[in-house]
Amino acid sequence: MADFIVDEVDEDGEPVRRKKTKKKKVVSTTGVVSSHALREAQEIFGDVTGLLEEYEQMKDARAAEEAPAQEEHEPGEDREQTRAIQIAEKHFDPEILKESYLTRKDETIRRADIPERMQMQEIPQLHYVDYDQEARWIYEQLFSISAPQRLAKTILEQGRREEVRNGRLFMRSEPRTQRMIQEWRENEQEQIALLASIRDVLYFLREDNLEVPAIAMYRKDYCGELLNYRAEDVPSLVTHDEAARSDGNLAAGEVKLDTRFVRRWDILWAIEMWDVKWRFLQHRCESLVTAYNVALSAAQNLGDEKMTEGIQTCLESIVESSTSEQLNDLDAKFQLLQPPQEAMSQAIDALSLEELDTNQRNRLLSRFRKPGSGMGRLGRKKSHHEKLMEGIGMSAEELSDNIISNYKKHAPADPRLPASEMLVDLVEEQTSRDMVMREVIRLAAEEIAAEPVLRRMVRGMYRSSASISTIPTIDGARVVDPFHPKFAHIKRLRSKPLALFYGTSDFLAINAAEEDGLIIVSMGMPDAQKAQLSSQLQDLFLSEGVNAAAQSWNDVRRGIIYVALNEIILPALEQELRVHLLAEARECVKHTCRDSIWERVSSAPYRPKAVHASNSDEEVIPDIRIMSCVCGPGKPPTTFVMLDAAGKLVDILMCGTFVGRPPLKRPDATMPKNVREDIERLAKFIAKHSPHVLAFSASSFNYASVKDELIQEAINQVVDDMPGSLPVETGMIEVVWCEPSVAKLWALSALSTRELGEQPQNVREGVALARYMKDPAALIAALAGSHGKEVLSLSQHPLQDYLSKEERLGVMAESIITAINQIGVDINLTVQNEWLSWTLQFVSGLGPRKAKAMLNAIIKSGGAVQARREVMDLANMGKVVFSNCAGSLRIVEHANVIGENDFEPIDGTRIHPEDYELVRELAKSAFGQTMLEEELMIDRLFDDPTVLDSIDADILAAEVESRMQVKKHANFVDVILEIRQPYRDMRRKWQKPTTIQIFNYLAGESASFLRRGRLVQATVKFVYRDFVVVVLDESGIPGFIDHFDVSDQNLGYNEVRDLLQPGASLTARIVDILPQGKSLDDIGPSRLAFIQLCTRGSVLQNNAAYEQELEARDLFYSSAKTDQEVAAERAQRQRAAEIAKRKDKTFSRLVNHNMFQNRDVKEVDLEFQADGSQGDFLFTPVAGKFDRILLTLFFHRGMESVVISHHLIREGEKEIARTGKGQSMASKLQLGKPLTVIGIDGTPIGTYEDLDEICGRCIDPLVRNMLAFTGHPKFREGSEEGLEKVVKSAREAKPNVIPYFLAVSYRHPGAYYLCYLVSRNHPRREYIFPLPDGYKFRDRTFSNIDHMINWWKSNYFKKNK
């Protein structure tokens, strides 16, 4: 059969004939195609964006005839867009429209003059916002002394921010010391200023709708210390010695402007996040106020004074609640006081629509109609409960008052009768008395536990004294070794305080390991503190009476305290704290992911230095030409890709002989002719395009020789034979290692298919590799901004998979937004180059919808703009969105786009249009000209910025601030700096990868498993005089073992050579990776090994040493097993021994059949393996079981191993012959009827009357189907790993075809599997189970293999459930 793509098939897999249809009707069928199928079809079969072109054609051709009359009042372009959306909704799948941003909601977002990301935030709308109150709340939660030491608080306390003095920027040389932090906190003016800054930022966010970048860059004077630098972003400062040598031109502590790079705004992003939390908290407060007011009205209607008073107290306490925990406490109290449902419904119905709108009314009715609502838990009280509770003598409110007063303000009144006697009087049945007393204690405990004062008190003590301990389960002790990448450090913790979990991801690891069943977690207060807390409460709750009645009731009160604490409050606090710690740990992981992306997007492009530069301005070449190389094993071939200065594909060269070789393989003595020919072709290719740099993908150790030998030989030929072809600026072509991960992801994405069409994957990867060197932020933005999930495959943190997709994309977007807005977007260059256009959606104020609309508008107007205001007009952009994005949009002159006379230099800077007035003031101050010559003055200012040296910037800034009534001092300095160096690239200089980084690139996924101390399997390659060279079996990475590390015995060279012959397998422990003294500056063919290993027995058996290293890093980690672990292991061994003993006991069954034998199944397996053939079978008993027998079937004989499957046969009822002691043994040993054969997937195959029927109706047809399967043309023999390589090779040879094969599963005897490769690196495997009537695949049964394959081809994109 063909490899793929057949006609439609029916439910049974049969091909269906289709009548010819007119092309115009094809579009109508798109509505039934799922978005998942479309995405995968795009990845496999090429570009499917034709539907968007159809959409554009519809918009132009049919808008006029289908426009509704009610839209005549809309502007022309908006009306046209609305009509097009209506047409698209009729013809396309809603999911496709959603992903293409073509729905009505998308159109609303595009038109609104609000930043797109703000519109996408699901933030509740509040009736009123007090920004002063919110600022104080955020200060307390984020920056106060009692707040956890999060990153934002640390940065704030360090106090390193830019300060303007005499028109220059200065910064504190060192972070604040603890004494200075204390003084800063005690400085009232400093704290007032901090609160004012928080309030101003909140106002900018929510009232002015400014995003964080716009605030950070153009509202600096209002932010104060909120713009403090993180330590890693701090620029270099002028030292005292440098200032002394500068003759007064520099001052100590002044910022060196050339080291002022892009920086992060961690505090501002944190304030935005906590603003969202505040709004959700206030929204909940508003909802509770509404609900409590309704309940208060219902209680007043009932005339219940106690209930009314309690609800009124809850209502008044909402104002004082500042955390969700406090609101939870109030709601717990309210649940006890809540009136009955009927009264609540009447109170709701009595309110008018002005007091309670329809939505609020429905939400309240839903809340109060929940099961169990109405009179809360007090509704369970009966008369005898109330009388017994009166005997307690103190209400929950009085106990709360005692806690607040910290003395026994209210003493309990002791009844005359002891509790036991009162119980006798109230409850007649003796058997019910204990239960009634337990109910009374529980009810009283619930009332006490619902008191907010008590819960707050216990919470404070719990969080200050609680700790966490972990011990491994049996599976955990086996799986989690000292080298486990995720859980090693949390395997055994001993009472680690909660405070130490803040700022780490440890609790996320603990939670994940607990869910996986690897550890047991215990959390709680120490017994001493718990006893102290119980004693403290008892002192405020117990009676001081000494008579028998008082002591009897005191026992009841002690029981109430015990239940309230240990069964209600503390378990609830543990769950509450788990949620809190989990959120903190997730934030820590997100912080690491955020920084990982930041390192990529903040890196500058590769910039080779010019060899003949006369000054620093000429050192950097503006437009570089990049060639990239992606190696292949021959199919696909090693590919060289050439891009032009704009990043567009220019030329391709494929060298099929550049296949590389393993690091330990010696090069051939003479180079083959075809290799020399490819070297000559490459030399001509290089000479033709004269690249400045060749980016070499560090994808495998096997390809290092391609870089160091073959490519270098080609470059040498160019130098020797064609020196004039070398780049003039550099005089040489540099070959650099490049990380391949981002390029690989882009090559697998739909973006690459859409742009490069049918180009092979190596070409797409080469294009991405070169573009990543040219603009890292643009390529990352493309992956993060598209709908693809490829960017989530980037390795950023060991626990990143425990974050949701939305969380990871959110933190990525934060870093990209921060970088892109400081880097800026050249709008005209973006319009010309689609691969750069993805950066636009990360500009402040924009998003995918607004950015797309902007690009479309510019393209329609001619493909270029000449001023920022033109962008605003073309895109119908409102003032708010323009204010957000204007400063980050660059209008730069390009020879093929804009004429010189139309270009305004000020629009090519970071200066915001609202600050153009500052430029005019500077120009007038510098030249003393009138407003009539304003444009000429600005041009002269940019041509000769040295005239600014004579201006007193501080005085001029003060004058402008006084006249404009805005704070602009810091912006004034930024304007001056921007005029001096318009849009200087502030990204950090591109750095060559270090040796260890190159090693990690080449090791790929194996790098995360190569840890010092881990045990690995290796194969000996060479034995030298001083060391042995081996290759790690799992990764193919070479390593070495010094002779003295081979054995604990002192072996000589001859002994080592005899012991470790080439090809021998061994177990070794990793001692070091890239060890000192064994490494070279560059990884190349001369290097023999990268990993130092040891095979000494004392080292292999010494895991304790590495456990002790964990102890040294964490004082609360213990390598010693607890008594609980030891007992669990002992119990497991005993259970295993008992099970083995029972299993080994096999009874001789009384079965009379020629294919049944009373033999051990292991013997039958050995016999079949020796001389069995496909289809042989035998029935045998099951050890220790009387209700089942076993069918052993010779399933398949492979090239290297035999597959034998086992099917259980469950027996029905037996003929019972009873003895005096029950069923006789003879009856048990007989064969029951009917017989049900169970498949290896655990589902029944069929039910039969006897073994003869199983042989004829089950086994015979099953064997025929097995033979048909192995005889199919697509059947392949081999291991699963080997078949995966075959599938990958087939896909590389034919990228547009889905290769698939059928094979036997050696992991699951009795099953086959279908192996195929769609679009990812990892082939998919789906299991197939042979049946007497066909084959079971995806829970469907097919009569033959071809039917099954045909059905799969039409449904391959559906996930197997």
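Owing to the predicted nature of the structure, the values given are computational and were not obtained by experimental measurement.

### Some thoughts on the environment of Ser725
Examined against the element boundaries, Ser725 turns out to sit in the loop between helix H29 (704-721) and strand E10 (734-738). A sequence separation of 36 residues divides Ser725 from His689, and the C-alpha atoms of the two residues are 8.0 Å apart. Here Ser725 is in contact with Ala687, Ser690 and Val718, once residues within four sequence places are set aside.

### Considering the sheet that holds strand E6 (residues 626-630)
Ordered by their spatial adjacency, 5 strands build an open sheet running E8-E7-E6-E9-E10, and the pairing between neighbours is mixed. In this open sheet, the two edge strands, each paired with only one partner strand, are strand E8 (649-655) and E10. Between one strand axis and the next, the sheet turns through 20° on average, direction left out of account. Here 4 bridges tie E6 to strand E9 (residues 693-697), and the two strands are oriented parallel to one another. Bridge pairing in E9 places Ile626 opposite Val693. Those strands touched by H29 are E6, strand E7 (638-643), E9 and E10, and its axis lies near 160° from that of E10.

### Regarding the packing of aromatic side chains
Per the counting criterion, the structure on display carries 25 aromatic pairs. Taken together, a centroid distance of 4.3 Å and an interplanar angle of 25° make the contact between Tyr292 and Phe334 stacked. With Tyr292 in helix H14 (residues 266-302) and Phe334 in helix H16 (residues 324-337), this pair connects stretches of sequence that are 42 residues apart. Phe334 matches Tyr292 in its accessibility class, with the two residues each being buried. Relative to Phe1194, the ring of Phe1168 has its centre 6.3 Å away and its plane inclined at 55°; by these criteria the two rings are tilted.

### Looking at H16
Its 14 residues give H16 an end-to-end C-alpha distance of 20 Å, which sits within 8% of 20 Å, the value for a rise of 1.5 Å per residue. Judged by how many residues are buried, H16 sits mostly within the fold: 10 of 14 residues are covered.

### What about the pairing of E10?
Of all 5 residues in E10, 4 are buried; the element is thus mostly enclosed. Once you follow E9 into H29 and on to E10, the crossover reads as right-handed.

### A closer look at the side chain of Glu157
Note that Glu157 resides in helix H8 (residues 151-158). Every residue in contact with Glu157, bar those within four places of it in the chain, is listed here: Gln149, Arg176, Ile181, Trp184 and Arg185.

Criteria and cut-off values
- Each chain has its residues counted from 1, running along the sequence as written.
- In keeping with the predicted nature of the model, local features appear solely for residues at pLDDT of at least 70, side-chain atom pairs appear and are counted solely at 80 or more, and the whole-chain, interface and lining totals rest on all residues.
- Excluding hydrogens and water, the side-chain figures rest on all heavy atoms present in the structure.
- Working definition: helices are DSSP H or I runs of at least four residues, strands are E runs of at least two. Numbering for both runs from the N terminus.
- Between two residues, a contact is recorded if the distance between any of their heavy atoms is within 4.5 Å.
- Two strands qualify as a pair provided DSSP detects at least 2 bridges between them.
- Here the axes come from fitting lines to C-alpha atoms, over the contacting stretch only for helices, and the angles between their N-to-C directions go from 0 to 180 degrees.
- In this analysis, rings of Phe, Tyr and Trp, with Trp reduced to its six-membered ring, are considered paired at centre separations within 6.5 Å, and the interplanar angle assigns stacked below 30 degrees, edge-to-face beyond 60, and tilted for intermediate values.
- The buried label goes to any residue with under 20% of its type's maximum accessible area, the exposed label to any with over 50%, and the partly exposed label to all in between, with areas taken from a 1.4 Å probe on protein chains only.
- To estimate how far a helix should reach, multiply one less than its number of residues by 1.5 Å.
- Orient the strands so they point away from the viewer; a crossover is then right-handed if the path from the first strand over the helix to the second runs clockwise.

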